Amino acid sequence: MARIGVFVCHCGSNIAGTVNIAQVMAAAQTMPLVTFVADNKYSCSEIGQTAIREAILKQKLERVVIAACSPQMHEATFRKTVAQAGLNPYLLEIANIREHCSWVHSNDKAAATKKAIELVKMAVAKVARHEALFTKEIGLTKKALVIGGGISGIQAALDMANAGYPVILVEREPTIGGRMAQLDKTFPTLDCSSCILTPKMVEVAQHPNITLLTYAEVKSVRGFVGNFEVEILQRARKVDASKCTSCGICWQKCPEKIPAEFNLGLGPRAAIYTPFPQAVPNIPSIDLAHCRYIKYQEFVARGEEGKKPPQCRICERLCPPQAIDWEQSDQVLVEKVGAIVVATGYQTFDHTRYGEFGAGRYPDVITGIQLERLLSASGPTEGEVVRPSDGTHPKTVVFVSCVGSRDERMGRAYCSNVCCMYMAKQAILLKEHDPEVQSYIFYIDIRAGGKGYEEFIRRAQEEARAIYLRGRISHIYQDGKKLIVRGEDSLLGRPVEIAADLVVLATGIEPSAGAKELAQSLNISYDAHGFMVEAHPKLRPVESRTEGIFLAGTAIAPNDIPGCVAQGSAAAVKALAVLSRPSLVSDPMVAIVDPLRCTGCFACQRACAFNAIDSQVTRDGKTIAVVNESLCKGCGLCVSACRGVAMNLKGFSQQQLLAEVNALWR
Amino acid sequence: MAGRTYAYYPGCALHGTAREYDVSARLVCQTLNVKLQEIKDWSCCGASSAASLSPLLGIALPAHNLKLAAAMELPITTPCAMCSYRLKTAAHELKDEATARQVSEVLGSAVGPEVTVEPLLQVLSEDLSFPIRKPLTGLKVACYYGCLLVRPKSVLQFDDEENPQTMDRLITALGAEAIDWGLKTECCGAGLPLARPDLVHRLAYRIISLAQRLGADCIATACPMCQSNLDIHQKEIEAEHGEKLGLPIFYFTQLLGLALGFTPRELYLHKHLTNPLPLLRAKGLG
Amino acid sequence: MTIPDVIRPPLSRPLLIFIEAHSGQPVSRCNQCGKCTAGCPAAWAMDLTPRQVMRALQLGLDNDVLASSAIWLCLSCQICSVRCPLEIDVAKVMHSLRHRTQEDKTHPGDKNIARFHGVFRGIIHRYGRIYELGLAGLNNMVSRRPWAHLKLFPAMLRKGKLPMRPSRIKATAEVKNIFQKVAALEERFSTPSELTKGDR
C-alpha cells in the first residue's frame, strides 16, 4: 500500500492566521495510509520545497498531499518539486485550504479548521487512488497565422517573421494598414500616421517570411495548439497580381463612381480601386457589387427583356499589361499553422442611432474618423478642412465626446479610451490648419492616463485655445447654416448653446463586424460586446483561453496605437514561445474510453466542445468512441454525458471523486 | 380608418380654447368616414396637474374614462396630445398588478389595460389617400409634434422621439411641403402659461422663430396646448423681442379640412389670435 | 433654495432613499454628465438644474432639494428621461419630489406653479372638467396677481375661446369620490413600509 505524506502550509498568516495548523496536522496523522505529516511556513519557498523533497526521499513517500493555496497558483510548482524527488508528478494532490477556506472563513476559526481537516481528508482519499500519468510529445507546425492586418497584426507578423518563423497574414480588406492608415496625425507626438505606418506595411510586403493574403478571410479553424488547420477564402480581385504594374489607369478611367469607404463617404472611388495611394499590395480590386460589366453579365444571365446595360470593360481595354482577369474566381486555401494571433481590430459606433444628434441627416455633423480624412493630406480634400454641406471653412467647431461610449441607453457602458485624446489632437490640428478656428470640447471626464497625454491636453487648452466644457450634449439642430448645439456647462451649472459651423462626434470603438463569428470558429471567448476575452485580464492579457491562440489590439478592448503595438509584440512573443519548442507536451489528464463498456452511442461526441472524440472500429466489428488525446482539454463533459460509465477522466476518475465524497462522511 | 368607429374623447380644451380643433376634427372625420361617438359624460384626464401632485390620481382620473370607453367596446381616439398621453400612460401603468389593484380600489371596479388609445393624428394618418379638392400647393409647413405625442416611445409606441414623420407625411399628402427642422418635439411650456408666462414666451419664441427662419409659412400642431402657447402669445412675444412674427399656427385637422374643400370659416380659422387668413389668401387657399 | 456655504454631507440621506423607492429610479447611479440639463427647456429658469437636483439628492441636501424651484418648473416633457445615458427617468424623480413636498407641506420653490396645480386640481374636483375662465380667474386670485393676463382675456373672450360657463359633468360625485379614495390610499401608502411599488 501506498505511503502518503501530508504537508500543511502556513502561507505566513494567510492560512495559519485562521486555520489551526497543529489540529490539521494531528488529524492528518490519523488518516488512512498517511505515514508522515509536516508543516511549512511557506511551502512554495525554496526552503519549503527542499523540505518536501527530503521528506519524500527519507520517508520513502509514494504519494503527496500539499494543503496550501489554490492549484491554480502552485500545482505546477509542486509537481516539479515531487518529480525532483523521483515521484511521478501526478501522484500529488493539492488541498486548497487558502482560497477555499482560510480567506473566506476568517471570521470563524474553529469552523475553518474543521473544513481544512475535511479538505485534507478528501485529498488523502483521492491521492491514494492516483495513478502515475505520463505526458506525450507531439510535433508541431512552425508557422504562424495572423488574422487582421492593422497595426497590431502587422507588428505581430513582423516580430515573428524577424525571429525566423514563417507567417501568414490574412486581411479582409484589399490592403493592410487598418484604421491607423485612415488617421492624419497621432497623439501625443503628432507624428504623421501614414509616415510611421507605411514603412511597416512595405516591410510586411517585402518580408521573405511573410505570406500576405489581402481581400481574404479566415473561414474555419480546426485542430489544436501546434497543429491548426485553417481554411482561408481568397476573394477574387479580377486583377492578375503577377501582371499588374499598379499604373493606376484602370481606376482613373473607370466611369462608375461610388462613395469611398476609406474616406467614410467624403469622396468618391471607382468600381476598380485601391483604397489609398500607399495601399499594400498596390493591386486594384474590382468591386463586384458596382462594376458595370459584372452588372451586364448578371443582366444577361437573368435573361431579362429590355435594354441591356453597357458592357463597359474600359479597364480591360486600357490596361497596358492586360492584367484584368474576368475568369479569376474565389479560392479556398488550406494552411497548417502552429499558433494564431487574432488582431481583428475595431469599427466606430454608428452615430445615426442618436436621433437627438440628427441621426445622420445633418451633413456638417461628422465623426472623428471623417475629420481625420478631412485633415489628411491624402484625404478627399487634400487636407483642407471644409464643411461637407457647402465647402466653406468652419470657424466654430464643437466636439462631442462619448458618442456610443459610457452610454447604457446605447448598450455601451464602457469608455472607448482614445476619444479624449483624439479630440485634443484634432483641436490642435484644426488650429494649425486655420488659426481662426475656435474649438469647443464637451467632455464628461478627461481621460488622459498615458505617457505625455495630460501634457497634450494642456497643449490643446493653452496653445490651441480649445475651450473644454464639462457636460454631455443633448441636442443638435440645424438653424440655417449654423448647427445649434445644446449642452450644459456643468461646472457653472448653466445651459450652454453654441452656434457651430461643424460638429465632430467622437464616436466610440466597437469590435469589427464578424468578430463574434470568427471567435466562434476559433473556439475562443468573447464578451457581451464582442471583444475577445483574455485568459487572465492582468497576468495573461494577450492569450485567449484556448491554447495557441493569442490576442492583440482593439479586438480585446479599446486601445491606442502604442498599446496595440505593444500587444502585437507581446502576442508574437507568446506565439514564438510555442513555435520555438522542439515539440509540444500533451497534458495527460484527458478522457479515456473503456472499450468494453462503450456502446457507441456517441453522446460524448455531441457533448465535446473540442471535437476530440473520434470513432474506431474494434476487432470484433463494434464502432466505439475514442479520445483524440491531443485535442482533449480534460473538461469532463463527455464523462457526464456518457450513460454507460465508459468515459473517465485521468486524474479525476469517477473512483477518485467518489473516494473524496466518501471520505467526507467517514 | 375609414368606416371605423371610435369612442371620441375631446378633452376639456376642445370645449373651450381649442373649439376649432374639435370642430375641424369632426368635419374631417365625417368626410373621411371615421365615425366618432363621444364618450358620454367623460371627465378630465387630470392633465399634468393631477399626476404631478399625486401619481395615483394621475392614473385614476384617466382610468375612469378608460372604463367608460371599455363599456362602449370601442377604441378611444382623442385629438388632444395631453389627453392621449394620459390615457395611454394610464393603460400602460394598469398592466402592473399592484397599480391595477390600487386603481380598482379607487374606482370601485377593475379596469383592464386592454382599451386601445390612438391619438387622432394616428387615426387620420393610417390612409393618406385623401379625396383632396384643394391641394395646399406652395404652402411650407413646419410640423410641430410637441412632447406628449411621442415621448416616451417605450410607452406611447407612436413615432420617433426625435424626428417623427407622421404629420409630415400627412401634410405632404395634402400637397403642402413639410420642412425638416430640429424642434419638432421641443417643449413649448405645456400647461404653464398662466403660472409662468415668461417661461412659455421664451420657449414659444425659440420654436416660432426657428420655423420662420427655416422658411415655414406656418406651423401645424396636434395639441391644444401647443397651438395656444404658440398662437395666443405671439403679440406679447413680439413686444418682448421687438420682432414681428405673425406666424399662423394651425391644427393639422384645419389644414386637412382646407385640402378637403372646407372654407376657413367652417374650420373656425377666424378663431386664431394670429390671423392665418392673409397667408391663405396669398397662397390662393383662402 | 440655498446651497449651504460649506457642504457637510450628512451620514443619512433619507430623501434619497425615499425618492429611489418612490420613483423606482436609481438616483445614486447618476454620474453628473448633464445631458438632462442640456436638453431641459426650463433649466435656465431653475435655481438648481436637473443635474444639480440629482447631485443634491446624492449628497443628502434634502431641504435644499425640496425647496428648489426646479421640481416645480419641470414641464414633464421627458426630454431628460428619454435621453439619459444611464436610463434614469429624471422626470419621474421630479414628480416624486413634488409629491413629497405635498406630504411634507414644504414651502414650494415656485409658489405660482404649485398654486396653479392646486387650483387646477380643485376645478376638476368641483366640475369634473376644466373650466378655463374659472381656472384663469381663480389662479389670479390665489397667486395674488388679479390683473395678470388681463390683456389676453378680451381677445380670447371675443374669439369665443373662453366660455363663460363651466362644462360640468353629471357624475361629479364619482369624480369627487376618486379624489377622496386616492387621498385615503395615499395616506396609507405614505408610511415607507407600505410603499410597495412607488410611483408607477
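Residues numbered from 1 in each chain as written. Chains lettered and ligands numbered in written order. Predicted model: local features only at pLDDT ≥ 70, side-chain atom pairs only at ≥ 80, totals over all residues. Heavy atoms only, no water.

Sorry if this is basic, but what is going on with helix H14 (residues 453-462) of chain A here?
Count 3.6 residues to each turn of an α-helix, and residues three or four apart come out pointing the same way. Residues and elements named next belong to chain A. When we look at burial in H14, the residues that qualify are Tyr 453, Phe 456, Ile 457 and Ala 460. Buried residues of H14, viewed axially, fall in a sector of 105°; they line one side. Here the buried face of H14 lies against helix H13 (419-433), strand E23 (467-470) and helix H16 (561-579). (Buried < 20%, exposed > 50% of the residue type's maximum accessible area, 1.4 Å probe, protein only. Helix = DSSP H or I, 4+ residues; strand = E, 2+ residues; numbered from the N terminus. Arc of directions from axis to C-beta. Contact = heavy atoms within 4.5 Å.)

Honestly, the interface of chain C and chain A in this entry has me stumped. Any pointers?
When the parts of a complex come together, some accessible area is lost, and that lost area is often used as the size of the interface. The partner chain A presents 21 residues to the 23 residues of chain C that form the contact. On the chain C side of the interface with chain A, the three residues burying the most area are Lys 35, Ala 38 and Arg 83 of chain C, jointly 31% of the side's total. Taken together, chain C and chain A are joined by three salt bridges. Linking Arg 51 of chain C and Glu 488 of chain A is a salt bridge whose minimum nitrogen-to-oxygen distance equals 2.7 Å. Taken together, the connections running from chain C to chain A amount to 13 residue pairs in polar contact (both at pLDDT 80 or more). Of all the secondary structure elements, the ones that give two or more residues to the side of chain C that touches chain A are helix H2 (35-39), helix H3 (50-59) and helix H6 (79-83) of chain C. (Buried area = accessible area lost by both parts, 1.4 Å probe. Salt bridge = Lys/Arg side-chain N within 4 Å of Asp/Glu carboxyl O. Polar contact = N/O pair within 3.5 Å; in protein donor to acceptor, adjacent residues only side chain to side chain.)

Would you mind going over the sheet that holds strand E12 (residues 227-234) of chain A with me for this structure?
To summarise the sheet geometry, strands pair through backbone hydrogen bonds and adopt either a parallel or an antiparallel arrangement. Residues and elements named next belong to chain A. What the three strands build is an open sheet, ordered E11-E12-E17; its pairing is antiparallel. The two strands at the open ends of the sheet, each matched to only one other strand, are strand E11 (216-224) and strand E17 (331-337). Geometrically, the sheet is characterised by an average inter-axis angle of 20° between neighbouring strands, direction not taken into account. Note: E12 against E17, seven bridges, orientation antiparallel. By the bridge assignment, Leu 233 is partnered in E17 with Val 332. (Pairing = 2+ DSSP bridges. Axes fitted to C-alpha atoms, helices over the stretch in contact; angles between N-to-C directions.)

Can you walk me through the environment of Val 155 of chain B in this structure?
Residue and element names in this part refer to chain B. Structurally, the position occupied by Val 155 is in helix H7 (residues 153-156). A sequence separation of 117 residues divides Val 155 from His 272, and the C-alpha atoms of the two residues are 33 Å apart. For Val 155, the contacting residues outside a window of four places in its chain are Lys 88, Thr 89 and His 92.

Would you mind showing me how to read the nonpolar core here?
The tendency in soluble globular proteins is for nonpolar side chains to be buried side by side. Val 503 of chain A, Leu 66, Leu 124, Ile 171 and Leu 255 of chain B together with Leu 97 of chain C are the most contacted members of the largest nonpolar core, which has 202 residues in total. Apart from residues no more than four positions distant in its own chain, Val 503 of chain A is found in contact with Asp 364, Val 365, Ile 366, Val 398, Val 400, Ile 476, Leu 483 and Val 485 of chain A. With 44 residues, the next largest nonpolar core counts Cys 9, Ile 15, Ala 85 and Ile 94 of chain A among its residues. (Core = buried A, V, L, I, M, F, W, Y, C linked by side-chain atoms within 4.5 Å.)

Is there a simple way to explain the pairing of strand E21 (residues 396-403) of chain A in this structure?
Residues and elements named next belong to chain A. By the criterion of burial, E21 is predominantly enclosed, with eight of the eight residues buried. Alignment of E21 against strand E22 (residues 438-443), held across five bridges, turns out to be parallel. The residue of E22 that forms the bridge with Thr 396 is Gln 438. Tracing the backbone out of E21, into H13 and back to the parallel element E22 gives a crossover that is right-handed. The pairing of E21 with strand E27 (residues 502-507) spans five bridges and is classified as parallel. Counterpart to Val 403 in the pairing with E27 is Thr 507. (Right-handed = clockwise from strand over helix to strand, strands pointing away.)

Help me understand the sheet that holds strand E3 (residues 76-78) of chain B, please; the structure alone is not making it clear to me.
Residue and element names in this part refer to chain B. Strand order in this open sheet of four strands is E2-E1-E3-E4, and the pairing throughout is parallel. Single-partner strands in this sheet number two, and they are strand E2 (35-38) and strand E4 (117-119). This sheet shows a mean twist of 40° between the axes of neighbouring strands, independent of strand direction. By the bridge criterion, three bridges tie E3 to E4 in an arrangement that is parallel. The partner of Thr 77 across the bridge, within E4, is Glu 118. In this fold helix H3 (residues 55-72) packs onto strand E1 (5-8), E2, E3 and E4, with an angle of close to 125° to the strand it touches most, E3.

Teacher, can you tell me more about the side chain of Thr 37 of chain C here?
Residues and elements named next belong to chain C. Locating Thr 37 in the fold gives a position in helix H2. Its relative accessible area of 0% is what places Thr 37 among the buried residues. Among the polar contacts made by the side chain of Thr 37, one reaches the main-chain amide nitrogen of Arg 51 at a distance of 3.1 Å.

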